[in-house]
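So the chains spell out like this:
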Amino acid sequence: MSFNSKNPFLSDKRFSSNAVSRAEEVHEAKIIDYNQEMTLSGTINKTAILFLILCGAAMVTWWMAFNGINIMLPAIGGAVIGLILVVISAFKPEASPYLAPGYALFEGLFIGGISAIFEAMYPGIVINAVGATLVTFLVCLGLYKFKIVKVTETFKSVVVAATLAIATYYLISWVVSMFTSFTPVHYGNSMMSIGISVFVIVIAALNLFLDFDQIEKGVQQRVPKFMEWYGAMGLIITLVWLYIEFLRLLSKLSKK
């Protein structure tokens, strides 16, 4: 059985289907146009562009929050629209060159808003969360690049199973807490809650290895150029998840 990345953007099926289509086009044309194929450098450049857009948008709601302007509408609206763009891109990856920048823009509004809220409650938490996220990304990238961590089928199965378990737990906890007085165990700053946050962060970090592996496979399979935006968008989604989980962990530790 083949296990794929939990990130819907970076699944084996998605990359393989595009690779087959591209291979058929090349076969018919009898040529290979390297300017129209996914490259590692191209994906890195797109990731950097999306990251800058996200940071720029985050600064907008951050500035609004600390200047007394209500940020609920842009923050919540950004989260909703960002999710919609993610869903559309998952079904239409060829539109990712247009949808990915839009996602980064609207998700940035949400990130800026939630970051401002956490910063107001726990001064200094944002810079620590950003630093932890970047360090985690660089460490994972180094471990992957130098083959210290190899993405095997067993590795994929464990990470995917754990990610699905986390998503299911979060969803059930959210639904139950909406209609009852039940308080999910991951709320608060108990040792159990902190332990859950650490576990989730580890799983989010392990998803980075799956992301790197799928992007590398996309390059090797010579998938279409637009998949650079698609892969970059998927990687940004994982980084956003990792950053939010660091915010939650650090906020729990600040309450101690």
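Structure's up top.
Residues numbered from 1 in each chain as written. Predicted model: local features only at pLDDT ≥ 70, side-chain atom pairs only at ≥ 80, totals over all residues. Heavy atoms only, no water.

Colleague: In this structure, what is going on with the overall build of the chain? I would like to understand it.
Modeller: Counting its regular elements, the chain contains eight helices and zero strands. In the chain, the order of α-helices and β-strands from amino to carboxyl end is α-α-α-α-α-α-α-α. Burial status across the chain gives 45% buried among its 256 residues. (Helix = DSSP H or I, 4+ residues; strand = E, 2+ residues; numbered from the N terminus. Buried < 20%, exposed > 50% of the residue type's maximum accessible area, 1.4 Å probe, protein only.)

Colleague: Hey, could you run me through the pattern of salt bridges in this one?
Modeller: Side chains bearing opposite charge may pair, as long as their charged atoms lie close to each other. Per the stated rule, a full pass over the model turns up eight salt bridges. Lys 46 is the salt-bridge partner of Glu 228, the closest N and O atoms lying 2.9 Å from each other. Here Glu 228, found in helix α8 (residues 227–254), pairs with Lys 46, found in helix α2 (residues 40–65); they are 182 residues apart in sequence, far enough to count as distant. For the pair shown, Glu 228 and Lys 46 are each scored as buried. Between Glu 228 and Lys 225 there is a salt bridge, with its nearest N and O atoms 3.0 Å apart. (Salt bridge = Lys/Arg side-chain N within 4 Å of Asp/Glu carboxyl O.)

Colleague: Whenever I open this one, the nonpolar core confuses me. Can you help?
Modeller: If you look at soluble globular proteins, the nonpolar side chains tend to sit buried side by side. Among the nonpolar cores identified, the biggest contains 51 residues, and Leu 50 and Leu 208 are the most heavily contacted of them. Elements that contribute at least two residues to this core include exactly α2, α3 (72–91), α4 (96–121), α5 (125–145), α6 (153–179), α7 (191–220) and α8. With 15 residues, the top contributor of residues to this core is α8. Leu 208 has contacts with Thr 136, Phe 137, Cys 140, Leu 235, Thr 238, Leu 239 and Leu 242, leaving out every residue within four places of it along the chain. Grouped together as the second largest cluster of nonpolar side chains are five residues, Ala 162, Ile 166, Ile 196 and Val 200 included. (Core = buried A, V, L, I, M, F, W, Y, C linked by side-chain atoms within 4.5 Å. Contact = heavy atoms within 4.5 Å.)

Colleague: What should I look at first to understand the packing of α4 against α8 in this one?
Modeller: Any two packed helices are characterised by the angle at which their axes cross and by the distance between the axes. Their axes nearest at 10 Å, the elements α4 and α8 cross at an angle of 10 degrees. The angle between the axes of α4 and α8 places the two elements in the roughly parallel class. Residues Ser 96, Pro 97, Leu 99, Ala 100, Pro 101, Tyr 103, Glu 107, Phe 110, Ile 111, Ser 115 and Phe 118 of α4 form the contact with α8, whose own contacting residues are Trp 229, Tyr 230, Met 233, Ile 236, Ile 237, Val 240, Tyr 243, Ile 244, Leu 247 and Ser 251. Counted by class, the contact of α4 with α8 contains 17 nonpolar, three polar and one charged residues. (Axes fitted to C-alpha atoms, helices over the stretch in contact; angles between N-to-C directions. Parallel < 35°, antiparallel > 145°, perpendicular 65-115°, else oblique. Nonpolar A, V, L, I, M, F, W, Y, C, P; charged D, E, K, R; others polar.)

Colleague: So what exactly am I meant to see when it comes to the packing of aromatic side chains here?
Modeller: Where two aromatic rings form a pair, the distance of their centres and the angle of their planes describe that pair. Applying the stated criterion across every chain yields a total of five aromatic pairs. On the numbers, 5.0 Å between centres and 45 degrees between planes, the contact of Trp 62 with Phe 66 is tilted. By relative accessible area, Trp 62 is classed as partly exposed at 31%. Between the aromatic rings of Tyr 169 and Tyr 170, the centroid separation amounts to 6.0 Å while the plane-to-plane angle is 40 degrees, which identifies the pairing as tilted. For Tyr 169, a relative accessible area of 28% puts it in the partly exposed group. Lys 147 extends its terminal NZ or CZ atom over the ring of Tyr 144, reaching a point 5.2 Å from the ring centre. (Phe/Tyr/Trp six-rings, centres within 6.5 Å; stacked < 30°, edge-to-face > 60°. Lys NZ or Arg CZ within 6 Å of the ring centre and 35° of its normal.)

Colleague: Just checking my understanding: could you explain unusual backbone geometry for this structure?
Modeller: As a rule of thumb, non-glycine residues mostly have phi less than zero, and peptide bonds are mostly trans rather than cis. The phi angle at Lys 147 is positive, at roughly 60 degrees, despite the residue not being glycine. Positive phi outside glycine occurs at Arg 222, with the angle close to 55 degrees. Along the chain, Arg 222 falls in the loop between α7 and α8.

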